[in-house]
Each structure stands twice: as C-alpha cells, then as structure tokens.
There are 4 protein chains.
Amino acid sequence: MHLHRTTIRLHDTDAAGVVYFASALRLAHEAYEAALDAAGFPLAGVLREGAFALPIVHAEADFLAPLCVGDGVEIRVGLKSLGPNSFALAYRLTADGGRVAATAETVHAVLRLASGKVAPVPAALKKALRALGPP
Amino acid sequence: MHLHRTTIRLHDTDAAGVVYFASALRLAHEAYEAALDAAGFPLAGVLREGAFALPIVHAEADFLAPLCVGDGVEIRVGLKSLGPNSFALAYRLTADGGRVAATAETVHAVLRLASGKVAPVPAALKKALRALGPP
Amino acid sequence: MHLHRTTIRLHDTDAAGVVYFASALRLAHEAYEAALDAAGFPLAGVLREGAFALPIVHAEADFLAPLCVGDGVEIRVGLKSLGPNSFALAYRLTADGGRVAATAETVHAVLRLASGKVAPVPAALKKALRALGPP
Amino acid sequence: MHLHRTTIRLHDTDAAGVVYFASALRLAHEAYEAALDAAGFPLAGVLREGAFALPIVHAEADFLAPLCVGDGVEIRVGLKSLGPNSFALAYRLTADGGRVAATAETVHAVLRLASGKVAPVPAALKKALRALGPP
C-alpha cells in the first residue's frame, strides 16, 4: 500500500464549488504513478522503453463526500488483484480529518506494442505490484 | 437518447499517444451537459438557481479501444434508470468507422443545497430525463 | 481566419464559478486544431508522421470577461505572423451576444524530431497557414 | 519567493510526449496557491468568504524546454509587481538537473463581488504578497 499526499487546487474543482468527478480519478492515477515511482518501476521508463503499454480497461469510483479547494487529501493505493495479463488497483481518498471522499478502482491490461496484443505482466512490474501490497 | 459529436483534441490525450482514461469520462459528461441543454434543462440554470446540486455519486467506464488526436467521436447518452432521489445515465463513445471506444455510466444524486440532504428529482428534470429516453 | 464554435462545459470552470484561465488557452488550442483540420493539415498527421513537432514556445492571453457554464463561444483564429522557422496565431473568444471574453496568442516553432533542431516551416503547413489568413 | 516541488504526471502530457502548454500554466497556478497557503492567505478562504475574487486578467509563458512524465520540477513563484488594484506574479519552472523549462507571469485583478468592480488589494493579501517577495 502506498500513501500519496496532495492538496486540492482550483483546477481540480468546477463551478459547483467542489472537485469535478473525473478529476478525482486523475488524482487517483497520480497516486498510482507515485506508487510505481516508489516501487522502482516508474511509468516514465515504460513510456521511454516503448515495449508495452498498460492501458486502463476499466475504471470506477464512488464519490462519498465533496472535496474543496485547499483540502488536504491522502490517497491510499494498493493492489487489488494480479492476473496473468492484467492487474487491478484500489484507491481510497481521505480528506484531512478522516472523512473518506472517494474510493476507486482501475483495471490495467498489459499490451505488447509491437503486436498490439495483450501480454503477460512483466516480471519487474509483478514484483513492484506485489511490493505495493493490498490496499 | 441524445447524440453528441466531438473530435479528440491534443489536450484529451497523454504521452501514451491516446486519450487519457479520465478524459473519456469528461467527454461523456460533456455529452450529458449537451443532452440536458437539448432537453431544455440546462445545467447552467441549476448552477445559477443554486437550489440543488446533482453530484455524481458513482461513475464507471470500460475502455474498449484507444482514441487518437483527430478522431471523430459520437457519444450516445441515455437514461439508464430513474429513482426517487437519483438517476443513472449510460454512455457509448463510438469512433468514426463504428468502433466502440468506451462505454460509461454515471449515477447522480439530487442534493438540496439548503439542507445538504438528498431530495426528490425535481419534476422538470424528471421530464427532461424521460424525454432523453433509454440509451 | 477560422471560426470555431464551442460551449463552456462544467469541466472548463473552477470553484470561482467561471472558466479557469488555462482552460481558455486550451479552448483556443482546440480552435487551432480545428483550423488545421479545415485547412487540410491536421495535427493528427503531424503526430502520426513523427517527422517534426510544432511546440508552443510562447503563449499569452488577456482575459476580458468571465465565461460561465453553458455560454456559447465563438473562437476566431488567424495567422498573426509567419517566420522562416516559426509562426504565430492570434485568437479572439467571443461569447454569444458579442462580448469579447479573451484574446490570446501562441507562437509555434518547427522542430525536426530526428535532429532536435529548429527547421523551416514545411511547405504544406505554410500553405495551410496562409490559407487560414489573418485573424 | 516560494518554492513548490511537483512531479510531471501522465495527465500533464499530451500525445506529443511532453507537457501540454496550458498544463504548464496550471502547474504554475498550483505553485501560486501553495505560496498563498504558506503565506497564511489561502485561496480557500477567499472562495469561502465570497467578498472578492482575484481573476487573472493576463497570463503569459515562454516554453524553453520540454518536460516529460516523471520529471521532477521546482516551481519558483514570486511577486513581480503590486499595484493599487492588481498584482503580478512571476514563475520559473526548473527541471531536476537545473534546466529551466518555462517562465510565466500572471496578472491578477481584485474584484469586489458585491459590486463587480475592481477594488484595492486587501491589506492581508498585500502583506502575504510582500512576504512572498520578489521572484
């Protein structure tokens, strides 16, 4: 499990005064990127290498409480499941004070770019995901 | 059912070369806003009036095929279900040529802003949602 | 000069209730992309070909009036200047009713990706920019 | 002068593989928000109070070097000028290693919301801006 801290900024919000729903998913993805960095398997390397991609094939979120400009948020990200060709991550966004603002899940496939076909999760990524541990 | 046409722009994409997952949800939401405009119940009026909000309490999407800069996309949005205090919309994003790129769903609660409590779907919104029809 | 019509959507705004400043620049860029499509030199082709990039080296905007959710906006984009290795575009965002909401300018360099060096504006792009005409 | 550290994330980039121009301005604005927080004059309070707004009336940026996913960035934000009814901030985005990626400037007006008219910079904000110091 990785903990990522962030602060809600004006751009994350909309005219309803709170975080735009899709921005909460973006914040979750930023936590996933930070978790991969921490686990020694940065997305930057995946992009640079160009051997495979990790497209999100499913995403979902439950929005439990609004988040406002200036709110401190702790995003917990962990491995929900690890299949042969895909993996699922779970997220929990908790505002300072302990209020859970949202939970989310993303499912990532492994795609070999040369063939355009799904492929086994690379060993180094498997190791990083297992090191991340459950949510 | 409302059909909303758009074109994928550079900002919708990321360094993997395709539409960023959360941007597909944003595009779906834009189709929802256009559908409400067409149904005579614009979100602008809801915001201006300030009596209630329609926060998204759940969202999910399946990403079936990548979308690239310049791709024309048709977004079909329709009413999936209508409850006493909430409603659910379903979306299908189809690229020119007929390839379905993504499907999505959003669930919206009705929140009376004065009380901060859930409230019945206003009659005018009910009418607009029914006029929208199934996806 | 190319005219691009759009409508302000919830995601374009922030908690101050109006369009976020950087989103107005994004809307201008979308008008530029639409203008290139209309001129027969789509950015999608530039990206697919991978021979050169057109990085923005300077951008500026004046924000004259706020834009709100649901506002119809007409974005006028035109060629401001065309140099040997770069070009500048000018934008004007006018809300329905005739109120000018913002003006902007972007300066684009031509970068040959193989060398990482600036390069002459390709002939086909020159032609498209000249066809676009002054703002 | 305030230093704000961030890391480029996938959402900040586009299909050209580098940070989207308007996202660099968004990152600069996040540094401004962090600077106001540090100076004891958080934007959250301004929004909550609803007495005045600080709309950006002008923004500009020079993009000197590309930023990629995973790049660590230090954003320096400082006060460029302080007028009776407005203030200007200057930014410098420096990638790890010392390469300056962008410089930017934003000019903010003070708007009293009750009247819709420009108004003097509030004393507490003046103090926070002066404490911030030159860029």
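Placed above this text is the structure.
Definitions and limits used
- Residues numbered from 1 in each chain as written.
- Chains lettered and ligands numbered in written order.
- Predicted model: local features only at pLDDT ≥ 70, side-chain atom pairs only at ≥ 80, totals over all residues.
- Heavy atoms only, no water.
- Helix = DSSP H or I, 4+ residues; strand = E, 2+ residues; numbered from the N terminus.
- Rg over C-alpha atoms; globule rule 2.2 N^0.38 Å.
- Buried < 20%, exposed > 50% of the residue type's maximum accessible area, 1.4 Å probe, protein only.
- Contact = heavy atoms within 4.5 Å.
- Areas by Shrake-Rupley, 256 points an atom, 1.4 Å probe, with all protein chains shown as cover.
- Phe/Tyr/Trp six-rings, centres within 6.5 Å; stacked < 30°, edge-to-face > 60°.
- Least-squares fit on C-alpha atoms with pLDDT ≥ 70 in both.
- Pairing = 2+ DSSP bridges.
- Axes fitted to C-alpha atoms, helices over the stretch in contact; angles between N-to-C directions.
- Parallel < 35°, antiparallel > 145°, perpendicular 65-115°, else oblique.
- Nonpolar A, V, L, I, M, F, W, Y, C, P; charged D, E, K, R; others polar.
- Salt bridge = Lys/Arg side-chain N within 4 Å of Asp/Glu carboxyl O.
- Buried area = accessible area lost by both parts, 1.4 Å probe.
- Polar contact = N/O pair within 3.5 Å; in protein donor to acceptor, adjacent residues only side chain to side chain.
- Arc of directions from axis to C-beta.

### With respect to the overall build of chain A
Link 1 in the chain: From N to C terminus, chain A includes 3 helices and 8 strands.
Link 2 in the chain: What you see for chain A is a C-alpha radius of gyration of 15 Å, in line with the 14 Å of a compact globule of 135 residues.
Link 3 in the chain: Reported as C-alpha extents along the three principal axes, the dimensions of chain A are approximately 45 × 25 × 25 Å.
Link 4 in the chain: Of all 135 residues assigned to chain A, the portion counted as buried reaches 55%.
Link 5 in the chain: If you take every contact in chain A between residues at least 6 apart in sequence, the share linking residues at least 24 apart comes to 64%.
Link 6 in the chain: Surface exposure of chain A reaches about 5400 Å², of which carbon and sulfur atoms provide 56%.

### Thoughts on the packing of aromatic side chains
Link 1 in the chain: Evaluation of the coordinates by the stated rule reveals 8 aromatic pairs over all chains.
Link 2 in the chain: Their ring planes at 65° and their centres at 5.2 Å tell us that tyrosine 20 of chain B and phenylalanine 21 of chain B sit as a pair that is edge-to-face.
Link 3 in the chain: Residue classification places tyrosine 20 of chain B among the buried positions, given a relative accessible area of 2%.
Link 4 in the chain: Given the relative accessible area of 7%, phenylalanine 21 of chain B is considered buried.
Link 5 in the chain: Taken together through their ring pairs, the aromatic side chains of Tyr20, Phe21 and Phe63 of chain A make up a single cluster.

### Here's the deal with the relation of the copies chain D and chain A
For the pair of chain copies, the relating operation is a rotation around an axis with a shift along it.
Link 1 in the chain: Rotating chain D by 180° and translating it 0.0 Å along the rotation axis places it on chain A, where the RMSD comes to 0.0 Å. Here the copies are linked by what is in effect a two-fold axis. No C-alpha of chain D lies nearer the rotation axis than that of threonine 6 of chain D, which sits 5.1 Å from it.

### Here's the deal with the relation of the copies chain A and chain B
Link 1 in the chain: When chain A is fitted to chain B, the residual RMSD is 0.0 Å, and the transformation amounts to a turn of 180° plus an axial shift of 0.0 Å.
Link 2 in the chain: Both copies present the same face, since 100% of the interface residues in chain A are matched by interface residues at the equivalent positions in chain B.

### Notes on the sheet that holds strand S8 (residues 117–118) of chain B
Residues and elements named next belong to chain B.
Link 1 in the chain: Read from one edge to the other, the open sheet built from 3 strands follows the order S2-S7-S8, with strand pairing classed as antiparallel. Lying at the two open borders of the sheet, with one neighbouring strand each, are strand S2 (52–53) and S8.
Link 2 in the chain: Looking at chain direction, S2 and strand S7 (residues 111–112) are connected through 2 bridges and run antiparallel. Residue alanine 53 lies in a different strand from S7, and its bridge partner there is leucine 111.

### Looking at the environment of proline 42 of chain C
Residue and element names in this part refer to chain C.
Link 1 in the chain: For proline 42, the position within the fold is in the loop between helix H1 (21–38) and helix H2 (43–49).
Link 2 in the chain: Looking at proline 42, the relative accessible area reads 33%, which means it is partly exposed.
Link 3 in the chain: Taking the C-alpha atoms as reference points, proline 42 and valine 57, 15 residues apart in sequence, are found 20 Å from one another.
Link 4 in the chain: Every residue in contact with proline 42, bar those within four places of it in the chain, is listed here: Leu36 and Asp37.

### Concerning the packing of helix H1 (residues 21–38) of chain A against helix H1 (residues 21–38) of chain B
Link 1 in the chain: With their axes 9 Å apart at the nearest point, H1 of chain A and H1 of chain B run at an angle of 180° to one another. In this view, H1 of chain A runs roughly antiparallel relative to H1 of chain B, as classed from their interaxial angle. Taken together, the residues of H1 of chain B that come into contact with H1 of chain A (itself represented by Phe21, Ala22, Leu25, Arg26 and His29 of chain A) are Phe21, Ala22, Leu25, Arg26 and His29 of chain B.
Link 2 in the chain: Of the residues contributing to the contact of H1 of chain A with H1 of chain B, the split by class is 6 nonpolar, 2 polar and 2 charged.

### Side note on the pattern of salt bridges
Link 1 in the chain: If you walk through the whole model with that rule in mind, you get 24 salt bridges over all chains.
Link 2 in the chain: Residues joined in a network through salt bridges with shared partners are Asp12, Arg26 and Glu30 of chain A.

### A word on the interface of chain D and chain A
Link 1 in the chain: On the chain A side, the residues contacting the 15 residues of chain D number 15 residues.
Link 2 in the chain: When chain D packs against chain A, the two sides together hide about 1300 Å² of surface, and 63% of this comes from carbon and sulfur.
Link 3 in the chain: Applying the counting criterion to the chain D and chain A interface returns 2 salt bridges.
Link 4 in the chain: In this structure, arginine 9 of chain A engages aspartate 37 of chain D in a salt bridge whose closest nitrogen and oxygen atoms are separated by 2.9 Å.
Link 5 in the chain: Across the contact surface, chain D and chain A share 4 residue pairs in polar contact (both at pLDDT 80 or more).
Link 6 in the chain: For the side of chain D that touches chain A, the elements supplying multiple residues, two or more each, are helix H1 (21–38) and helix H2 (43–49) of chain D.
Link 7 in the chain: The element contributing the most residues to the side of chain D that touches chain A is H1 of chain D, with 6 residues.
Link 8 in the chain: Residues of the side of chain D that touches chain A, tallied by class, amount to 6 nonpolar, 4 polar and 5 charged.

### Thoughts on the environment of leucine 111 of chain C
All names here are of chain C.
Link 1 in the chain: Relative to the assigned elements, leucine 111 resides in strand S7 (residues 111–112).
Link 2 in the chain: Exposure remark for leucine 111: the relative accessible area of 24% places this residue in the partly exposed category.
Link 3 in the chain: Sequence spacing of leucine 111 and arginine 5 is 106 residues, and the spatial spacing of their C-alpha atoms is 30 Å.
Link 4 in the chain: Setting aside chain neighbours within four positions, we find leucine 111 in contact with Ala51, Phe52, Ala53, Pro55, Gly116, Lys117 and Val118.

### Notes on the side chain of histidine 29 of chain D
Link 1 in the chain: Mapping histidine 29 of chain D onto the fold places it in helix H1.
Link 2 in the chain: Aside from chain neighbours lying at most four places away, what touches histidine 29 of chain D is Leu10 of chain A, Tyr20 and Phe21 of chain C together with Leu43 and Ile56 of chain D.

### Things to note about the sheet that holds strand S2 (residues 52–53) of chain D
Picture the strands of a sheet paired through backbone hydrogen bonds; they go either parallel or antiparallel.
Residues and elements named next belong to chain D.
Link 1 in the chain: Here we have 3 strands laid out as an open sheet, ordered S2-S7-S8, and antiparallel in their pairing. Looking at which strands have only one partner, the edges of the open sheet turn out to be S2 and strand S8 (117–118).
Link 2 in the chain: Taken together, the 2 bridges between strand S7 (residues 111–112) and S8 define a ladder with antiparallel strand orientation. Each bridged residue has a counterpart across the sheet, and for leucine 111 the counterpart in S8 is valine 118.

### What about the pairing of strand S6 (residues 100–109) of chain B?
Residues and elements named next belong to chain B.
Link 1 in the chain: In terms of burial, S6 is largely enclosed, as 8 of its 10 residues are buried.
Link 2 in the chain: The pairing of strand S3 (residues 56–63) with S6 spans 7 bridges and is antiparallel. Its bridge partner being in S6, phenylalanine 63 is matched across the sheet by alanine 102.

### Here we look at helix H3 (residues 123–132) of chain B
Residue and element names in this part refer to chain B.
Link 1 in the chain: Three or more residues of H3 are buried, namely Leu125, Ala128, Leu129 and Leu132. The arc that holds the buried residues of H3, viewed along the axis, is 95°, so those residues lie on one side. Facing away from the buried side of H3, by more than 90 degrees, are the exposed residues Ala123, Lys127, Arg130 and Ala131.
Link 2 in the chain: In this fold, the buried residues of H3 make contact with strand S1 (2–7), H1, strand S4 (72–82) and strand S5 (86–95).
Link 3 in the chain: Looking at the residues trailing H3, positive phi occurs at glycine 133, about 80°.

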